[in-house]
Amino acid sequence: MGAPGSGKSTFCEHVMRSSTRPWVRVCQDTIKSGKAGTKAQCIDSAINALKDGKSVFIDRCNLEIEQRNEFVKLGGPQVDVHAVVLDLPAKLCITRSVKRTGHEGNLQGGRAAAVVNRLLQKKELPKLSEGFARITSCQNESDVQSAIDAYSGLGPLDTLPNGYFGQKNPGAKIQLGIMKFLKKTDAPASSESISKSIPDSNASQITEEKDACLKGTGSLSENAGRELKEGEEPVVGSAGGDVSLKDAPTLAFPSISTADFQFDLEKASDIIVDKVAKFVNKLGNARLVLVDLSHKSKILSLVRTKASEKNIDSNKFFTFVGDITRLHSEGGLHCNVIANAANWRLKPGGGGVNAAIFSAGGQALEVATKEQAKSLLPGNAVVVPLPSTSPLFCREGVTHVIHVVGPNMNPQRPNCLNNDYIKGCKVLQEAYTSLFEGFASIVRSQSKLPKGSIENLQSKMTESQDHPDGIPKDHFTNSDQKNKREGLHKSERSKRSKGYRDETEDASDSNAGKVNLSNKSDGSRTKSCGSWAQALYNIAMQPEKHRDAVLEISDDVVVLNDLYPKAQRHVLVVARYEGLDCLADVRKEHLQLLRTMHALGLKWAEKFLHDDSSLVFRLGYHSEPSMRQLHLHVISQDFDSTHLKNKKHWNSFNTAFFRDSVDVMEEVSSNGKAILKDEDSMLSMELRCHRCRSAHPNIPRLKSHVTNCRASFPSTLLQKGRLVLTPCNVSIDA
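Residues numbered from 1 in each chain as written. Predicted model: local features only at pLDDT ≥ 70, side-chain atom pairs only at ≥ 80, totals over all residues. Heavy atoms only, no water.

The protein chain appears in an unreviewed UniProt entry as Macro domain-containing protein from Prunus persica. As recorded by UniProt, the Subcellular location (unreviewed entry) comment attached to the protein chain reads in full: "Nucleus". (UniProt positions renumbered as here; feature names shortened; annotations may be inferred.)

Right, dumping it as structure tokens:
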């Protein structure tokens, strides 16, 4: 809920683009095939989406109880209803509304100011008694970003704590300062006078407040409806107050990358302690335990000293000497979750912890791992629920193994970083964040078990040691099935990898489900690939197994049709080089490969032009691709396709998010790498025709316009060969 201009639609778009949970946005302005519809249509659409197992955003103002009560009634035993209140300053909402163009509901310009003012006078802040399970109130842009991060990070099975979070003054009906700003509130001011009263220079500035948007605790029964006190930390989960510390959920983990991968111990210990300090108080009564085999372990000694200096609670984090696969049977330490310093193939072997854990876990662990992921990139982790048939489960009480891959500094091992500790430290930080977030998801699921269930589980574990078949399968059927659906757990910056796929989340970069290859200032990127996001890599590495999909094969590249083309003609030229996932990985030594890809792209464009001379082509890369493996788009500029369905599809090919091949080659030649900026916001820009640059409120109207638009292309596109076209199609926009 929020006034026009508060950012409701933008909030939805950010979450839907980043979340692994399937979402549907219900907006009355576009509910009727892109046109305005009725509230009843919105309710029907929401009901159908919920029946399909999807989560729903009701994107309306919802400022009055009467306006939202019918939607609240859609909740029930299986459906939580949340309110995200974008309670931003009236001045900011009016400024945005007045200045925006191409709004879906055509609420823009001068008249928008009066509408915002009128709606805010009727504002009724939501209450839990209305039927909401959770209310998150956001008073500034920092609050909004925190809420976006929280909802973006929700996996299909994750939940957020119930209660009322973030509201500074629940009794306030009208925002402080709105009377002063609008002068008259009993009657709408004229649109002209209001728009004139908005100073442009400071229109978008907001006073920063301490972020209290998502403060909550895991003990929901005691804290529902309670706002946290200043400085209080949010807790991921709790097993309940009657569970003793020895029964608390516990993660045992080895030091990542410091053995065979030869990462500097001082730097590694700093990262471990820093990450533990940030997570340990967010895990309720759960514990973190760093494990090594030797009492003389230097990493244990360093971590103990640094943890003590930071005053980390020794009941919640400590070091332990022992075999990580026999902590309970030989050391008396019960750890329901253990971490494995895995290789990227997620296979047994290689010695050390990886070999030991796979050996102890048996065939059941191998099979369970394959169900979750086939490979893993450095900096990422994957949670694997252990079947009850695994020896680790029966003997040690381990319910989950979290595989995590760190950076490599050993020149004898693959993907060596050659002592690049700037990148190496970032990857190791991401690895620990991914690991602890994976554990947090397990803690959350355990916090929902009935009282005493952890003790009962422990008892069943002990009994199973003497049972020839372990614990009866039916005892764990529901939880096992639930946990098997848990996906990859990434770092805080890399929660954007999608595990769901349909025609709106397709196999090209234009979809909403991006592999997180986020730009960093040094060009390093966080790489998190869902199973479908690996498709291009698999085809490039083994094209002989995909001959039906491949149009052309050479030693360096393969060419194939985009699975969900966004135009009449749309092919991909995919590099066959290991380690080249995206533009950020490209360096000067790859320049010849870029030229080869460009030449092949031109060849296919010319082939299509021979068949239809009316077509115009553009060759380029996406700044942040959705699919692993560097690939060049060769796409006709008609954009006539049923698969082009939303704003992200359009803007990924018609904003600076799309990097022309000729520009990329020039930058790599001059600078040694492509110049990449944080252009993710480009995907949420207003819809504009790529020829005449006119604005349009939605995709149906834009596509209708594009079909008939005969304007010349902007001159910038006609320079340097950015467009490939027949001579008769050349025209320049002066």
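Peer 1: Honestly, the environment of Asn 418 in this entry has me stumped. Any pointers?
Peer 2: Along the chain, Asn 418 falls in the loop between strand S11 (400-404) and helix H15 (421-447). Asn 418 sits in the exposed class, given a relative accessible area of 63%. (Helix = DSSP H or I, 4+ residues; strand = E, 2+ residues; numbered from the N terminus. Buried < 20%, exposed > 50% of the residue type's maximum accessible area, 1.4 Å probe, protein only.)

Peer 1: I'm lost on the packing of aromatic side chains in this one. Help?
Peer 2: Working definition: an aromatic ring pair is given by the centre-to-centre distance plus the angle between the planes. Overall, the coordinates contain 13 aromatic pairs when judged by the stated rule. Ring geometry for Phe 253 versus Tyr 432: centroids 6.0 Å apart, planes at 75 degrees, classification edge-to-face. In this pair, Phe 253 sits in strand S6 (residues 250-253) while Tyr 432 sits in helix H15, placing the two residues 179 residues apart along the sequence. By the ring-pair criterion, three or more aromatic residues cluster together here, those being Phe 11, Trp 23, Phe 57 and Tyr 151. When the ring centre of Tyr 537 is taken as reference, the NZ or CZ atom of Arg 628 above it lies at 3.8 Å. Between Arg 691 and the ring centre of Phe 713, over which it is positioned, the NZ or CZ distance is 4.2 Å. (Phe/Tyr/Trp six-rings, centres within 6.5 Å; stacked < 30°, edge-to-face > 60°. Lys NZ or Arg CZ within 6 Å of the ring centre and 35° of its normal.)

Peer 1: I'm lost on the pattern of salt bridges in this one. Help?
Peer 2: Side-chain pairing between opposite charges can occur once the charged atoms of the two side chains come close. Applying the stated criterion across every chain yields a total of 19 salt bridges. Between Asp 274 and Lys 278 there is a salt bridge, with its nearest N and O atoms 3.6 Å apart. With Asp 274 and Lys 278 both in helix H10 (residues 265-279), this residue pair falls four residues apart, about one helical turn. Lys 278 sits in the partly exposed class, given a relative accessible area of 46%. Residues Arg 395 and Glu 396 are paired through a salt bridge, measuring 2.7 Å at the closest nitrogen-oxygen approach. Several salt bridges converge on common partners, so that one network encompasses Glu 266, Asp 270 and Lys 306. (Salt bridge = Lys/Arg side-chain N within 4 Å of Asp/Glu carboxyl O.)

Peer 1: What's the story with the sheet that holds strand S3 (residues 82-86) in this structure? I'm lost.
Peer 2: Reading across from one edge, S3-S4-S5 is the order of the three strands in this open sheet, with parallel pairing throughout. Edge strands, defined here as strands with exactly one partner in the open sheet, are S3 and strand S5 (163-165). Going from strand to strand, the sheet's axes swing by 10 degrees on average, the running direction of each strand aside. As judged from the three bridges shared by strand S4 (residues 134-138) and S5, these two strands associate in the parallel manner. Pairing of Ile 135 across the sheet is with Tyr 164, part of S5. (Pairing = 2+ DSSP bridges. Axes fitted to C-alpha atoms, helices over the stretch in contact; angles between N-to-C directions.)

Peer 1: Is there a simple way to think about helix H6 (residues 141-152) in this case?
Peer 2: In an α-helix, one turn spans 3.6 residues; hence positions three or four apart end up facing the same way. Across its 12 residues, H6 extends 16 Å between first and last C-alpha, which sits within 8% of the 16 Å expected from 1.5 Å per residue. Buried residues of H6: Asp 143, Val 144, Ser 146, Ala 147, Ile 148, Ala 150, Tyr 151 and Ser 152, and no others. Where H6 is buried, its residues meet helix H1 (8-18), strand S1 (23-26), S3 and S4. Where H6 begins, one side-chain oxygen reaches toward the backbone nitrogen of Ser 142, 3.0 Å away; that side chain belongs to Asn 140. (Expected span 1.5 Å × (residues − 1). Contact = heavy atoms within 4.5 Å. Polar contact = N/O pair within 3.5 Å; in protein donor to acceptor, adjacent residues only side chain to side chain.)

Peer 1: I'm lost on the packing of helix H2 (residues 39-51) against helix H3 (residues 65-72) in this one. Help?
Peer 2: Helix-helix packing is described using two parameters, namely the angle between the two axes and the distance between the axes. Running from N to C, H2 and H3 point in directions that differ by 30 degrees, and their axes come no closer than 10 Å. Our classification of the angle between H2 and H3 gives roughly parallel. The way H2 lies across H3 gives a crossing that is right-handed. Residues Lys 39, Cys 42 and Ile 43 of H2 pack against Glu 66, Gln 67, Glu 70 and Phe 71 of H3. The residue makeup of the contact of H2 with H3, split by class, is three nonpolar, one polar and three charged. (Parallel < 35°, antiparallel > 145°, perpendicular 65-115°, else oblique. Left-handed = near helix turned anticlockwise from the far one by under 90°. Nonpolar A, V, L, I, M, F, W, Y, C, P; charged D, E, K, R; others polar.)

Peer 1: Would you mind going over the nonpolar core with me for this structure?
Peer 2: Note that soluble globular proteins tend to have their nonpolar side chains buried in a common cluster. Counting residues in hydrophobic clusters, the biggest one holds 40 residues, and the most contacted among them are Phe 253 and Phe 317. Only S6, H10, strand S7 (287-292), helix H11 (298-309), strand S9 (337-341), strand S10 (381-385), S11 and H15 provide two or more residues apiece to this core. A total of 11 residues in this core trace back to one element, the largest contributor, which is H15. Setting aside its immediate chain neighbours within four residues, Phe 253 contacts Ile 272, Val 276, Leu 288, Val 289, Leu 290, Val 291, Phe 317, Ile 324, Ala 339, Tyr 432, Leu 435 and Phe 436. (Core = buried A, V, L, I, M, F, W, Y, C linked by side-chain atoms within 4.5 Å.)

Peer 1: Please clarify how a positive patch on the surface should be interpreted in this entry.
Peer 2: The grouping of Arg 345, Lys 347, Lys 370 and Lys 374 at the surface amounts to a positive patch. Summarising the element assignment, Lys 374 is placed in the loop between helix H13 (352-372) and S10. (Patch = residues over 30% accessible without salt bridge, like charges linked within 9 Å, V, L, I, M, F, W, Y side chains within 5 Å. Areas by Shrake-Rupley, 256 points an atom, 1.4 Å probe, with all protein chains shown as cover. Lys, Arg positive; Asp, Glu negative; His and termini not counted. Charge placed at Lys NZ, Arg CZ, Asp CG, Glu CD.)

Peer 1: Help me understand the packing of helix H19 (residues 591-611) against helix H21 (residues 661-671), please; the structure alone is not making it clear to me.
Peer 2: Relative orientation of the contacting elements H19 and H21 amounts to 165 degrees, with a least axis distance of 10 Å. Compared by their axis directions, H19 and H21 come out roughly antiparallel. Regarding H19 and H21, the two cross each other, and that crossing is left-handed. Of the residues in H21, those in contact with Leu 591, Leu 594, Arg 595 and His 598 of H19 are Ser 661, Val 662, Val 664, Met 665, Val 668 and Ser 669.

Peer 1: Where do I start with unusual backbone geometry in this structure?
Peer 2: Among all residues except glycine, the phi angle is most often negative; among peptide bonds, the trans geometry is most common. Here Leu 346, not a glycine, exhibits a phi torsion of approximately 55 degrees, which is positive. Note on placement: Leu 346 falls in the loop between S9 and H13. Since its relative accessible area comes to 6%, Leu 346 is described here as buried. Positive phi outside glycine occurs at Arg 693, with the angle close to 70 degrees. Note on placement: Arg 693 falls in the loop between strand S19 (687-688) and strand S20 (695-696).

Peer 1: How do you make sense of the pairing of S4 when you look at a structure like this?
Peer 2: A regular strand places its side chains on the two faces of the sheet in alternate fashion. Among the five residues in S4, five count as buried, and that is most of the element. Residues Arg 134, Thr 136 and Cys 138 point to one face of S4 and Ile 135 and Ser 137 to the other, with burial holding for every one of them. In this structure, S3 lies alongside S4, joined through five bridges in parallel fashion. Looking at S4, one finds that Val 84 is bridged to Thr 136. For the crossover that starts at S4, traverses H6 and ends in the parallel S5, the hand is left-handed. (Right-handed = clockwise from strand over helix to strand, strands pointing away.)

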